[in-house]
Amino acid sequence: MRHLILFLSLSLIASCGWHLRGVSELPEGFRIIYVSGGPQTIRDQLIQRLRFNDVVVPESALDAPAQIEINEYVVERRTLSVNSVGQVAEYEFNGLLDVTVTRQDDVQSFVVEARRTLQNDVNNVVATQQEEAQLKDALNSDLLSRLMRRLERIE
């Protein structure tokens, strides 16, 4: 009886379209992908996500039928608002990831963008710096999630 309940529960979850967070259904031509360009940190995070989705990431471009090249990665900080004494009260962080995907004779380029805001507490500088670091990590995660969703739609 216990096995039947477990089986029915798993069947219900599988039939409703539920997936683990971060799992992407990449097209068949993207089972082996070489990743190049961009800063080491963002490239390593992308490789980690690809491997989590059962993609083989070889050490050489010669071993891969598909390639992802990070052309540009930028995180820009700008002032959104200031308080009554002229101190920055709020920042906006804009992230941009420009990527070229090559698969056989097909070359596609696209840009993914993400945005976050940060409340600047001038009385608690250390906490604001830590929050900024966490915000940048979340921005990178969002950029890579958008990239993975974009890769899912390539035919």
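Residues numbered from 1 in each chain as written. Predicted model: local features only at pLDDT ≥ 70, side-chain atom pairs only at ≥ 80, totals over all residues. Heavy atoms only, no water.

Trainee: I tried to follow the sheet that holds strand S1 (residues 33-37) on my own but got confused; where do I start?
Mentor: Through backbone hydrogen bonds, the strands of a sheet pair up, either in parallel or in antiparallel fashion. Spatial ordering of the open sheet is given by S1-S2-S3-S4, a layout of four strands whose pairing is mixed. The sheet terminates laterally at S1 and strand S4 (106-119), the two strands that pair on one side only. Across the sheet, the mean angle separating the axes of adjacent strands is 25° when strand polarity is ignored. Taken together, the 15 bridges between strand S2 (residues 66-82) and strand S3 (residues 88-103) define a ladder with antiparallel strand orientation. Residue pairing across strands places Glu76 opposite Asn94, the latter belonging to S3. (Pairing = 2+ DSSP bridges. Helix = DSSP H or I, 4+ residues; strand = E, 2+ residues; numbered from the N terminus. Axes fitted to C-alpha atoms, helices over the stretch in contact; angles between N-to-C directions.)

Trainee: Quick question: what am I supposed to make of the nonpolar core here?
Mentor: The nonpolar side chains of a soluble globular protein tend to be buried with one another. Formed by 31 residues in total, the largest nonpolar core has its most connected members in Leu46, Leu50, Leu147 and Leu151. Secondary structure elements with two or more residues in this core: S1, helix H2 (40-52), S2, S3, S4 and helix H3 (125-152). A total of seven residues in this core trace back to one element, the largest contributor, which is H3. (Core = buried A, V, L, I, M, F, W, Y, C linked by side-chain atoms within 4.5 Å. Buried < 20%, exposed > 50% of the residue type's maximum accessible area, 1.4 Å probe, protein only.)

Trainee: Would you mind going over the pairing of S3 with me for this structure?
Mentor: Two faces belong to every sheet, and in a regular strand the side chains alternate between them. Of all 16 residues making up S3, 13 are buried, and the element is well covered by its neighbours. The antiparallel hairpin formed by S2 and S3 contains five residues in its connecting segment, where Gly86 sits at a positive phi of about 85°. Pairing analysis gives 14 bridges linking S3 to S4, with the strands arranged antiparallel. Paired with Arg103 across the two strands is Asp106, which belongs to S4. Joining the antiparallel neighbours S3 and S4 is a turn of two residues, in which Gln104 adopts a positive phi near 55°.

Trainee: How do you make sense of the environment of Ile32 when you look at a structure like this?
Mentor: In this structure, Ile32 sits in the loop between helix H1 (2-15) and S1. Each C-alpha atom of the pair Ile32 and Gln119 lies 41 Å from the other, and the pair is 87 residues apart in sequence. In this view, Ile32 contacts Val55, Val56, Pro58, Asp63, Ala64, Pro65 and Ala66; residues no more than four positions away in its chain are not counted. (Contact = heavy atoms within 4.5 Å.)

Trainee: Teacher, can you tell me more about H2 here?
Mentor: Residues spaced three or four apart along an α-helix point in a common direction, a consequence of the helix completing one turn every 3.6 residues. Taking 1.5 Å as the rise per residue, H2 with 13 residues should run 18 Å; its terminal C-alpha atoms sit 18 Å apart, in good agreement. When we look at burial in H2, the residues that qualify are Ile42, Arg43, Leu46, Ile47 and Leu50. Across the axial projection of H2, the buried residues extend over an arc of 140°, all falling on one side. Those residues of H2 that are exposed and angled more than 90 degrees off the buried face are Thr41 and Gln48. Positive phi shows up at Asp54, right after H2, with a value of about 60°. (Expected span 1.5 Å × (residues − 1). Arc of directions from axis to C-beta.)

Trainee: When you look at the pattern of salt bridges in this model, what are you seeing that I'm missing?
Mentor: The full count for this structure, using the stated rule, is six salt bridges. Between Arg146 and Asp142 there is a salt bridge; the shortest N-O distance is 3.3 Å. With a gap of four residues between them, Arg146 and Asp142 both fall in helix H3, about one helical turn apart. Judged by its relative accessible area of 34%, Arg146 is partly exposed. Taken together, the shared-partner salt bridges connect Arg77, Glu132 and Lys136 into one network. (Salt bridge = Lys/Arg side-chain N within 4 Å of Asp/Glu carboxyl O.)

Trainee: How do you make sense of the side chain of Asp142 when you look at a structure like this?
Mentor: By relative accessible area, which is 15% here, Asp142 ends up buried. Contact partners of Asp142, with chain neighbours within four places excluded, come to Ala114 and Arg116.

Trainee: Looking at this structure, how should I read the packing of H2 against H3?
Mentor: In a pair of packed helices, the angle between the axes and the distance between the axes together describe the arrangement. At a minimum axis distance of 11 Å, the contact between H2 and H3 shows a crossing angle of 50°. Classified by the angle between their axes, H2 and H3 sit oblique to one another. For the pair H2 and H3, the crossing hand works out as right-handed. On H3, the residues touching Ile42, Gln45, Leu46, Arg49 and Leu50 of H2 are Asn140, Ser141, Leu144, Ser145, Leu147 and Met148. Taken together, the residues of the contact of H2 with H3 sort by class into six nonpolar, four polar and one charged. (Parallel < 35°, antiparallel > 145°, perpendicular 65-115°, else oblique. Left-handed = near helix turned anticlockwise from the far one by under 90°. Nonpolar A, V, L, I, M, F, W, Y, C, P; charged D, E, K, R; others polar.)

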